[in-house]
Structure formats: C-alpha cells, structure tokens
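Close look at the chain arrangement
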Amino acid sequence: MSTAATPPPGPPLWLLLELTYRCPLHCVFCYNPTDFARTGAELPTAEWLRVLGEARALGAVQLGLSGGEPLEREDLETIVAEAHRLGFYINLITSGVGLTAARIGALKRAGLDHIQLSFQDSTRELNDFLSSTRTFELKAKVAALIRAHGYPMVLNVVLHRLNIDHVGEILDMAERIGAQYVELANTQYYGWAWLNRQRLLPTRAQLERAEAVTQRFRERVGGSMQVYFVVPDYFERRPKACMGGLGSVFLGIAPDGTALPCHAARMLPDLDLPNVRSADIRSIWYDSPAFNHFRGEAWMKEPCRSCPERARDFGGCRCQAYLLTGDASNTDPVCDLSPHHHLVTAAVERAAQAAASAVPTEHVLVFRDHRISIEPDAGASG
Amino acid sequence: MTEPSASELTDTARPAIPHGMRLQWEEAQQAHVLLYPEGMVKLNGSAGAILSRCDGARTVREIVADLEQAYGAAGLAGDVLAFLRLALEKHWLELRA
C-alpha cells in the first residue's frame, strides 16, 4: 500500500449553496438527485447565514448560489447581503424565472457580483419542451434586465443530442442578446440526466459538427465574446480532474444541510455525509470521514494507483465510477486504461443507434418532477 | 477589436481593475486574490502590490513612483510595465481615460 504522506488540505475556497431543490423548470438533464423530494426540510435563513460565516472564516471566498432555482428562496437578498458583508464574491446561478426588475435591483444593492443565466436552446419550442415549461420569452427579458443592471451577460447552455445541432442558432441568439461569455456545456450524466442518458448522449458526428460551428463563430466575433465548449467526457480517453480532487477546494451544501464534496456525492454509498445542522464547517471540512475518504491517493485502485497521471486527474470522477461500475473507488471508466472503459464506449455506441432510429423522444424522456421524485414508479414506465 | 492594447500603456494611462472583478486581501491565503465570475487568481507579493495600486485614479508614472518609495528601490519601471502589460493581456486590468 502506498504510504505517501498526504499534505493537509487547504481551505474550501469554493462554496456552493444549493439553497432549495424547488424549481419551476423540469429539465431532463438536471443533475439534482432523483429523490430530491424525499430529502429533509430546507435550512432556515439563520442556518445559511451561520454556514456563510463559518466557511468564510476558513477562507472560502468564491460563493455560488444555486439549487433548484435559488430565486424560489424569499430570503435570497438577505443571504446575498450577509455574504457580501463577509467578503465573498457572489455568483447567482439561475434559470431567470422569478428575476423581476425589483428583485434584481434588490440583489444588486445587496452586493451580488455576478449572474449566470441558463438557456435550454435558441428556439422557443425546444427551450420550452426541454424544460417542460414556457420560459423562452421570459429569459430574453431577464437577459435584458441583467445587462441593464451593469452585469456581464453570461449564458450557460446545456448541450445534448436534442439541441446540439442548433449550436449555430444558439450562438447567434447569444450574440443578439449581448452575451459576453457563453458556456456550451455538454450534459454531465448524473441525477435526472443519468435516467435520460441514452436519449441525451450526442453522436460523435454531432459533436464534431458542433465544435466546427463553434470555431467558425469564434473566428467571426473575435474578442467581443468568449465561447467555452465543454466536451462530454464520454468522448474522451482521459477523465476530468473532477473537483480538483474531492475535498480539495469545493464544499457544497444541499438544501437540507447535507455537506457535499462534489455536486452529486449524495449518491455515493461509501460516504456518510455530515450535515451542517449537527456539525460546524471546520469539523466537516477537516475532520469528517466523508471529506477525508477520497483525499490523497490511499483509496485508489489499479490502474490509478501506479499511474503517473494520477496526480493530474485524481482518478477522475468518483460518481461516474460508481454509476458505471458500482464501486466509487474504481478508475473513472472514461479513462481508456480502465478495465471498464468498454462501458463508456458501449453507451456511446447504443446512443448512436438510438439516434439513428425513429422513436419519438417525448415519450421516453423523464422530466425532473416532484411527483416522480416522491414515487419513482410514477414516471419510470414511460 | 476595440480593446485597449498594451501599446497604449503610456506613463499617463490610468489602469484599473475591470468592472465585475474584485481585488482583495485573503487572510487564509496570505495573498491578494483577483476575483471574477466563477474564478480566482492568487497573486504573488509583487503582483498584489502593483494591482492594489491600480485604482483608475493613479497614473502609471505615479504607481511606479509609489512602489519605488514603498520598497525603497529605484529603477522599477521596467518590471512594473512588463507586469501591467501582462495583466492587460489577461484582462485583469483596463485603462481609464
């Protein structure tokens, strides 16, 4: 067994508060847990403020406010004001639903630094279908409000098989509404997206076309817009350096107070996740077994354990290893050195076959839904 | 391309941290950090000393003079200008009229 000493962890520089699982949208690619409706009650305002103070004292400085839809929390302005007072740089990650002129004004006065607005697609029909709601025009209005309040216009569009062929229209739309940054983020397959994986995985040909369109767009607009294209890792041969290693810089807090070493960690059976209702942030970050479990390299199995690249990618994503192989300590099967890599290539292969068949997709997608989340059988039959 | 180029970095230019970014001292990291949407740069001592003087009011000449006085050194202009150019290229700074 490798006994290389693990250096003590640094502070949780990046704090993400998932303030609520409530959301007016029903996106098929949501990474929230599919059993979100069966988790505990949301933390009250005072608890969120305590979490902010304790995390800031440890050195947390980048703050993400997300969910669900964080605007569903009526105390969002109070939380932002306290975070600003403490010196956080505050990012709101929102669908824009509920962002009125009055609210964005109040958030700005409270000290909100940045807003990232998500779009599902460039066309009203697909935007509304994929989020199972009517929100496209509302989002265009919200984009104007964000600009009017002096925020940079930052768009996030989640890509998958059903919208990736529209990437040219998506970028044109982004240019029309004055976006300065656009993240074209291919779906990551956790939560609801995992349920829908075989309907959402793009084909390799789709991916290559989308990248070529993106590159042509970049050449046309030059420096006036920055476009990031995040390749889906199922098409890679080496895994992402997920979270820079678990327990390294990222601390997430779920709506019920569960502390998470990564967004999707709730699914990992090896981890007994602590809760901020019963422990302070310092003991959670430095002392809890859950946050120490995947620190360092002692947990690694072969081929990671003896791999020279383990210090660069930390073995990839623990949640992906668990979902695909049943063991979170395995090498992320995205890596072509993994003995399970065929599971990834087979999924891509099956998705390509499904894309070539003429099955109507509306009947097989599972939309994120409160009722299905409470009774899984209610929606799984489709 | 309408961005100010580093070649406009004259003695009388007034560099400033761009709107939407923030420079602050972080006790836990014992360093100045530059914060921007969903990201952060940890600055070394001299980078922090230079950027913390880029307030949009002081000119490049005044920033150099201030640093030379603070550190009791002469002839810093070359190093300071090289860093300001780099910071402009990385969009950590913009020039104010």
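About the thresholds
- Residues numbered from 1 in each chain as written.
- Chains lettered and ligands numbered in written order.
- Predicted model: local features only at pLDDT ≥ 70, side-chain atom pairs only at ≥ 80, totals over all residues.
- Helix = DSSP H or I, 4+ residues; strand = E, 2+ residues; numbered from the N terminus.
- Buried ≥ 20, exposed ≤ 12 C-beta atoms within 10 Å, placed from the backbone.
- Rg over C-alpha atoms; globule rule 2.2 N^0.38 Å.
- Contact = placed C-beta atoms within 7 Å.
- Nonpolar A, V, L, I, M, F, W, Y, C, P; charged D, E, K, R; others polar.
- Core = buried A, V, L, I, M, F, W, Y, C linked by C-beta atoms within 7 Å.
- pLDDT = per-residue confidence, 0-100.
- Axes fitted to C-alpha atoms, helices over the stretch in contact; angles between N-to-C directions.
- Parallel < 35°, antiparallel > 145°, perpendicular 65-115°, else oblique.
- Left-handed = near helix turned anticlockwise from the far one by under 90°.
- Expected span 1.5 Å × (residues − 1).
- Arc of directions from axis to C-beta.
- Pairing = 2+ DSSP bridges.
- Right-handed = clockwise from strand over helix to strand, strands pointing away.

This part takes up the overall build of chain A. Regarding its fold elements, chain A presents 16 helices and nine strands. Each of the 382 residues in chain A was classed as buried or not, and the buried ones make up 46%.

Broken down by element type, chain B carries three helices and five strands. Going from the N terminus to the C terminus, chain B shows its helices and strands as β-β-β-β-α-α-α-β. Its C-alpha atoms give chain B a radius of gyration of 13 Å, within 12% of the compact-globule value 13 Å for 97 residues. Counting only C-alpha atoms, chain B reaches 40 × 35 × 20 Å along its principal axes.

Attention now goes to unusual backbone geometry. The general pattern is negative phi for most residues beyond glycine and trans for most peptide bonds. Across the junction of glycine 67 of chain A and glycine 68 of chain A, the peptide omega takes the value 10°, indicating a cis bond. Mapped onto the elements, glycine 68 of chain A comes out in the loop between β2 (62-66) and α2 (76-86). Cis geometry is found at the peptide bond from glutamate 302 of chain A to proline 303 of chain A, where omega equals 5°. Structurally, proline 303 of chain A can be placed in the loop between α11 (289-293) and α12 (310-313). Backbone geometry at methionine 243 of chain A places phi at a positive 60°, although glycine is not the residue there. Relative to the assigned elements, methionine 243 of chain A resides in the loop between β7 (226-230) and β8 (250-253). Unusually for a residue other than glycine, glutamate 38 of chain B sits at a positive phi of about 55°.

If you look at the interface, chain B gives 13 residues, while chain A gives 14 residues. Mapped onto the side of chain B that touches chain A, the elements with two or more residues apiece are β2 (22-26) and β3 (31-36) of chain B. Ranked by residues supplied to the side of chain B that touches chain A, first place goes to β2 of chain B with three residues. Within the side of chain B that touches chain A, the residues separate by chemical class into six nonpolar, three polar and four charged.

Glancing now at the nonpolar core. In this structure, Ile90 and Cys262 of chain A are the most contacted members of the largest nonpolar core, which totals 117 residues. With residues near it in sequence (within four places) discarded, cysteine 262 of chain A still touches Cys242, Met243, Leu246, Phe250, Gly252 and Cys319 of chain A.

Of all residues in chain B, 93% attain a pLDDT of 70 or more, and the chain-wide mean is 91. Overall fold confidence (pTM) sits at 0.90, and the ipTM for the predicted complex is 0.89.

The next thing to look at is the packing of α2 of chain A against helix α3 (residues 101-110) of chain A. Residue and element names in this part refer to chain A. Packing of α2 against α3 leaves a shortest axis separation of 8 Å and a crossing angle of 20°. Here α2 lies roughly parallel to α3, going by the angle between them. You can see that α2 and α3 cross each other, and the crossing is right-handed. Contact with α2, carried on its side by Glu77, Val80, Ala81 and His84, involves Ala106, Leu107 and Ala110 of α3 and no other residues of that element. The class makeup of the residues in the contact of α2 with α3 is five nonpolar, one polar and one charged.

Residues and elements named next belong to chain B. In this model helix α3 (residues 77-89) runs 18 Å from its N-terminal to its C-terminal C-alpha over 13 residues, within 8% of the 18 Å that 1.5 Å per residue would give. Turning to α3, its buried residues number three or more, namely Leu84, Ala87 and Leu88. Take α3 and look down its axis: the buried residues cluster within an arc of 100°, on one side only. Set apart from the buried face of α3 by more than 90 degrees, the exposed residues are Gly78, Ala82 and Glu89. Immediately downstream of α3, the backbone of histidine 91 shows phi near 65°, a positive value.

Let us look at the environment of alanine 16 of chain B. Residue and element names in this part refer to chain B. Along the chain, alanine 16 falls in strand β1 (residues 14-16). Sequence separation between alanine 16 and serine 52 is 36 residues, and the spatial gap between their C-alpha atoms is 9.2 Å. Not counting the four nearest positions on each side in its chain, alanine 16 is found in contact with Cys54, Asp55, Gly56, Leu93, Glu94 and Arg96.

Residue and element names in this part refer to chain A. Side-chain alternation along β8 places Phe250 and Gly252 on one buried face and Leu251 and Ile253 on a second face that is also buried. The pairing of strand β1 (residues 14-18) with β8 spans four bridges and is classified as parallel. Across the sheet, tryptophan 14 pairs through a bridge with phenylalanine 250, a residue of β8. Connecting the antiparallel pair β8 and strand β9 (residues 259-260) is a turn made up of five residues, with glycine 257 showing a positive phi of about 95°.

Residues and elements named next belong to chain A. Spatial strand order, β7-β6-β5-β4-β3-β2-β1-β8-β9: nine strands in an open sheet with mixed pairing. Because the sheet does not close on itself, it has two edges, and the strands there are β7 and β9. Here strand β5 (residues 154-159) runs beside strand β6 (residues 181-186); their pairing, made up of six bridges, is parallel. Residue valine 158 lies in a different strand from β6, and its bridge partner there is alanine 185. Sheet strands in contact with helix α9 (residues 204-221) are β6 and β7, and its direction is about 165° off that of β7.

Residue and element names in this part refer to chain A. In terms of burial, β2 is a largely internal element, five of the five residues being buried. Here β2 shows no split at all, with Gln62, Gly64 and Ser66 on one side and Leu63 and Leu65 on the other all buried. In the sheet, β1 pairs with β2 via five bridges, with the strands oriented parallel. Bridging across to β2, leucine 17 finds its partner in leucine 65. In this fold, β1 hands off to helix α1 (residues 45-58), which returns the chain to β2; that crossover is right-handed. Taken together, the four bridges between β2 and strand β3 (residues 89-94) define a ladder with parallel strand orientation. Among the inter-strand pairings, glutamine 62 is bridged to a residue of β3, identified as tyrosine 89. Running through α2, the crossover from β2 to the neighbouring parallel element β3 is right-handed.

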